[in-house]
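Observations on the model geometry
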Amino acid sequence: MTASAFLNAWGVNVTLAGRLVLNDVSLALSSGHLVALVGPNGAGKTTLLRALAGLVPSEGVIEVGGDALSSLALRERARRFAYLPQGHVVHWPLAARDIVALGRYPHGATDPARLTPKDAEAVLRAMQATDVVEFSERRVTELSGGERSRVALARVLAVEAPVILADEPTASLDPRHQFDVMKSLRASADKGVLVIAVTHDLGLAARFADTVLVFSDGRLVSQGAPAEALSETTMGEVFRISAYRAEYQCEAVIVPWAEI
Amino acid sequence: MSVQNVMVTADIAARRRSGVLAGLLILVVLLALISLGIGPVRLSPVAVIDALFGGGSDVQQVIVREIRLPRTILGFAIGAILGLSGAALQGLLRNPLASPSLFGAPQSAAFGAVLVIALGLADVRSYALPVAAIAMAFASVFVLLTIAGRNAGLLILILAGLAISSLAGAATALVMNLSSNPFVVLEIAFWLLGSLEDRSFRHVVLALPFIVTGAIVLLSQRNAFRALSLGEETAQSLGVDVGRLRLLVITGVALGVGGAVAVTGTIGFIGLVAPHLMRPLIGHDPTRLLVPSAFTGAALLLSADIAVRIIPSTTDIKVGVLTSIIGVPFFLYLIMRERRALGGGVA
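Along the backbone of chain A there are nine helices and twelve strands. In terms of overall dimensions, chain A is globule-like: its C-alpha atoms have a radius of gyration of 18 Å, near the 18 Å expected for 260 residues. In terms of overall dimensions, chain A has a C-alpha envelope of 55 × 40 × 35 Å along the principal axes. Buried residues in chain A amount to 50% of all 260 residues.

Let us now look at the packing of helix H3 (residues 58-93) of chain B against helix H12 (residues 270-282) of chain B. Residue and element names in this part refer to chain B. Here H3 crosses H12 at 75°, and the two axes come no closer than 7 Å. By the angle between their directions, the pair H3 and H12 is classed as roughly perpendicular. Note on element contacts: H12 touches H3 through Ile270, Gly271, Leu272, Ala274 and Pro275, opposite Gly79, Leu82, Gly83, Ser85, Gly86, Ala87 and Gln90. Partitioned by chemical class, the residues of the contact of H3 with H12 number six nonpolar, six polar and no charged.

On to unusual backbone geometry, then. In this model, Asp24 of chain A sits at a positive phi of 55°, which is unusual for a non-glycine residue. Locating Asp24 of chain A in the fold gives a position in strand S2 (residues 19-29).

Turning next to the environment of Val131 of chain B. Inspection of the secondary structure assignment puts Val131 of chain B in helix H5 (residues 128-148). Spatially, the C-alpha atom of Val131 of chain B lies 30 Å from that of Val240 of chain B, the residues being 109 residues apart in sequence.

A separate point is the nonpolar core. Leu165 and Val195 of chain A together with Ala113 of chain B are the most contacted members of the largest nonpolar core, which has 195 residues in total. Ranked by residue count, the leading element in this core is H3 of chain B, at 17 residues. Excluding its chain neighbours within four sequence positions, the residues that come into contact with Ala113 of chain B are Leu129, Ala132, Ala133, Val261 and Ala262 of chain B.

What counts as what
Every chain is numbered on its own, with residues counted from 1 as its sequence reads. As a convention, the first chain written is A and the first ligand written is 1, with the rest following in written order. Per-residue local features are limited, in this predicted model, to residues with pLDDT of at least 70; the limit for side-chain atom pairs, both in listing and counting, is 80 or more; totals at the level of whole chains, interfaces and linings are taken over all residues. Only DSSP runs of H or I with at least four residues qualify as helices, and only runs of E with at least two residues qualify as strands; both kinds are numbered from the N terminus onward. Only the C-alpha atoms count toward the radius of gyration. The rule for a globule is 2.2 Å times the residue count to the power 0.38. Exposure classification rests on a simple neighbour count of other C-beta atoms within 10 Å of a residue's own: a residue reaching 20 or more is buried, one at 12 or fewer is exposed, and one in between is partly exposed. C-beta atoms are placed from the backbone. Whenever a helix is involved, its axis is fitted only over the stretch in contact; in every case the axis is a line through C-alpha atoms, and angles between N-to-C directions fall within 0 to 180 degrees. Angle categories: roughly parallel below 35 degrees, roughly antiparallel above 145, roughly perpendicular from 65 to 115, and oblique for all the rest. Each residue gets a C-beta atom placed from its backbone, and two residues are in contact if those atoms lie within 7 Å. Gly falls in the polar group here, along with every residue not listed as nonpolar (Ala, Val, Leu, Ile, Met, Phe, Trp, Tyr, Cys, Pro) or charged (Asp, Glu, Lys, Arg). Under the definition applied here, buried Ala, Val, Leu, Ile, Met, Phe, Trp, Tyr and Cys residues are grouped into a nonpolar core through C-beta atoms within 7 Å.

Below, the structure written as structure tokens:
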């Protein structure tokens, strides 16, 4: 536990429907890092994100920016954690700009038609960062999957929260769009945001993340820089696969190769 | 593109919505004047305005201010709360087929009221009536949302709604069945059809406080509906207390629908139709649909109430019958349009 960590958790347990989904998870994560959460299906990655955002009840202590999560009002929590769920569901065909403007909801900007200059600027910055300005007036239902995921990401960036929690932000995107999304998240981290992203793509995790947390059966089993957290032993024990490993342009390259 | 550009396009859309709202307001005022002028003694809108503000003959003043004004006020208020309730439920459940009448709320409210009448606990002019109606409306929507769960699909909502309205209908039938006085049964049967006829200021006083409170509760939550477009979990992560919101919307709908049913009987399908009429003009934003849907609901009920007075017939057509006759085919049309979602069992 370092004193400089922005997000701390001690002994976090989450029980869902009588099953212990997260088991005694402790972590300390610092601002300006891109952290990848990896692990097999059902390992508790999504549950950890939801527990951090306060969306599921958890035991143990979670601290963000020096305050206990449980002591924060809903609105204040919403300002500290920007949460990007899986699948980018939008139930009504709203304009892309109105979706992005919802990112300002925690700041009291509840009407996208009446944004303060400060909120409007945050919305525009977010739309520029993910390159969605050109279709800001289009309805999200008319956009392609890749475009929609960028709108969803812009909504999360518009919160301008110190922590971004992204659940499989690259799922079902083509390689180019996966890169666009990861680069946006990387850029946020470089600006000082703590970005925590769940992913099944170990290659992307190794390429973009500063830290990788490996989960298995609700436990945090390995953590560190990509090459050490995803060591041969861990890969074998947790994923039951072996990987091709290399280094290219100072980044770890990990390509899952064969089952063991 | 600059901040100004982003804001300008938002401005144009906002101006368009204000235009639609102004148009609706004019329409509702015109319909109210026609509603006040129509009946055995026909009065022109000018004569109506004159009588409203103390001009014209004494007879005209009595007709407009004492006989017809309560009916018009109730038509406006009940139509508005039904439209608003429909839009709020559709926003809460993110579902274009949600509405109080499809969920059995008016039927349950009617059962509550009928029970009170049949047990002889109250006559049709006591506060026990709206209170019983509101309690049953609350129970029905609460049970429905509990059965349906957090991310209910269309099919579950419609099926649960069907079950609840059938149960309420059966319970009402049982009360009438067990009632020993045939006159009471006849009175209940006619009252159930839904009508604004012969309503006095006593009825207005009975219903209006509940309707206004319901409307305030629903409108106070308006901004949360837009955040809910992203799903309950994301809305929660944006700072919306979804559990509290659900409870408040159920309360608001129950107050409004219960209050309305207590004085007019069941008038269905206005809550379903009103938001749909507004979507092509206002867009799909559930927050922006609330107020226009309320005015559309008011316009619909005032029109229907004018129509039942104009359509030549040997006996009076009840306005609740008319709204259902028009509303149900509209519902069928919506089902046809949503066929894909229904077939997939999602949405």
